[in-house]
Amino acid sequence: MIRRAAAAHLPHKLAGALAASFGIAVALGWLLDVPTITKTCAVELCTAASFILSGASVVFISRRSIGSGALAVMLSGWCLLVMSADLISCAVGMPLSWDLAHDPGVPSIGTMLAFMVHSLAVISAASGALTDSLKRAMFGTVTAISGVAIIGHFIHAPSLYYTVPGVSTGMAIHTAVGLLILGIAGIPTAAAPAALLQAGLK
């Protein structure tokens, strides 16, 4: 029974690991100035960091153990902090240092909102703060945001991937695909056993 349950959660763990690995590859590309990454992948450094944090949080929440719940909350909390800071900086017109240091600069508003909703969904799944249906709706929102962006790229409609001149850059296709994976992978974790995971937060 235990092996069967572990096998059932394997796809979600692999999806989280894939997202985190993508974030690590992009972050290393920026930090080591690898042209293949910096010239062809329009993903910001803070977005890469958010993929690492969010991907790892999905892996830990899928493990459904006491310690992993606390780790998932911690990682999602950091992601929420990073994206919230970016969103506030955009609102007041003062880009943060990590945005100024690396092209293409500030993430799309769609990207920031998707990561924030995903982080809140993981935290809710670990703490049992919301109903399962509401948590699934939050992960579904992330899936919808990214799905619309992907469609926008395919039909060449910048507004669908959240390009608003002077307000928001567009969500990169790589980012949209990564967020789609995170959103879909997170939906089954909405029913995480809250009582067990809460024990890890005490």
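If you're wondering where the values come from, they're calculated on a predicted model, not measured in any experiment.

## Side note on the overall build of the protein chain
A tally of helices and strands in the protein chain yields nine helices and zero strands. When its helices and strands are written in sequence order, the protein chain yields α-α-α-α-α-α-α-α-α. For the protein chain, buried positions account for 44% of its 202 residues. In the protein chain, the proportion of contacts linking residues at least 24 apart, taken out of those at least 6 apart, comes to 70%.

## Let's talk about the pattern of salt bridges
Following the criterion strictly, the structure yields one salt bridge and no others. We note a salt bridge from D132 to K135, for which the minimum N-O separation is 3.2 Å. Placement of the pair is D132 and K135 together in helix α7 (residues 132-154), with a separation of three residues, close to one helical turn. With a relative accessible area of 32%, D132 lands in the partly exposed category. Relative accessible area serves as the criterion here: at 1%, K135 is assigned to the buried category.

## Here's the deal with the packing of helix α6 (residues 109-127) against α7
Put simply, α6 and α7 touch, their axes get as near as 9 Å, and they point 160° apart. Between α6 and α7, the crossing angle belongs to the class labelled roughly antiparallel. Crossing handedness for the pair α6 and α7: left-handed. Where α6 abuts α7, its residues G110, A114, V117, H118, L120, A121, V122, S124 and A125 lie against K135, M138, F139, T141, V142 and I145. Here the residues of the contact of α6 with α7 are counted per class, giving 10 nonpolar, four polar and one charged.

## Considerations on the state of the cysteines
Applying the stated rule across the entire model yields zero disulfides. No disulfide involves C79; its sulfur sits 9.6 Å from that of C46, the nearest cysteine.

## Points about the environment of H174
Mapped onto the elements, H174 comes out in helix α8 (residues 173-186). For the pair formed by H174 and I150, sequence separation is 24 residues and the distance between their alpha carbons is 9.1 Å.

## A look at the confidence of the model for the protein chain
Of all residues in the protein chain, 80% have pLDDT values of 70 or greater, and the mean over the chain is 81. For the stretch residues 1-8, pLDDT sits under 50, and the model shows zero contacts to residues farther than four places along the chain or on other chains. Counted against residues more than four places away or in other chains, residues 198-202, with its pLDDT under 50, gives 10 contacts.

Analysis parameters
Residues numbered from 1 in each chain as written. Predicted model: local features only at pLDDT ≥ 70, side-chain atom pairs only at ≥ 80, totals over all residues. Heavy atoms only, no water. Helix = DSSP H or I, 4+ residues; strand = E, 2+ residues; numbered from the N terminus. Buried < 20%, exposed > 50% of the residue type's maximum accessible area, 1.4 Å probe, protein only. Contact = heavy atoms within 4.5 Å. Salt bridge = Lys/Arg side-chain N within 4 Å of Asp/Glu carboxyl O. Axes fitted to C-alpha atoms, helices over the stretch in contact; angles between N-to-C directions. Parallel < 35°, antiparallel > 145°, perpendicular 65-115°, else oblique. Left-handed = near helix turned anticlockwise from the far one by under 90°. Nonpolar A, V, L, I, M, F, W, Y, C, P; charged D, E, K, R; others polar. Disulfide = S-S within 2.5 Å. pLDDT = per-residue confidence, 0-100.

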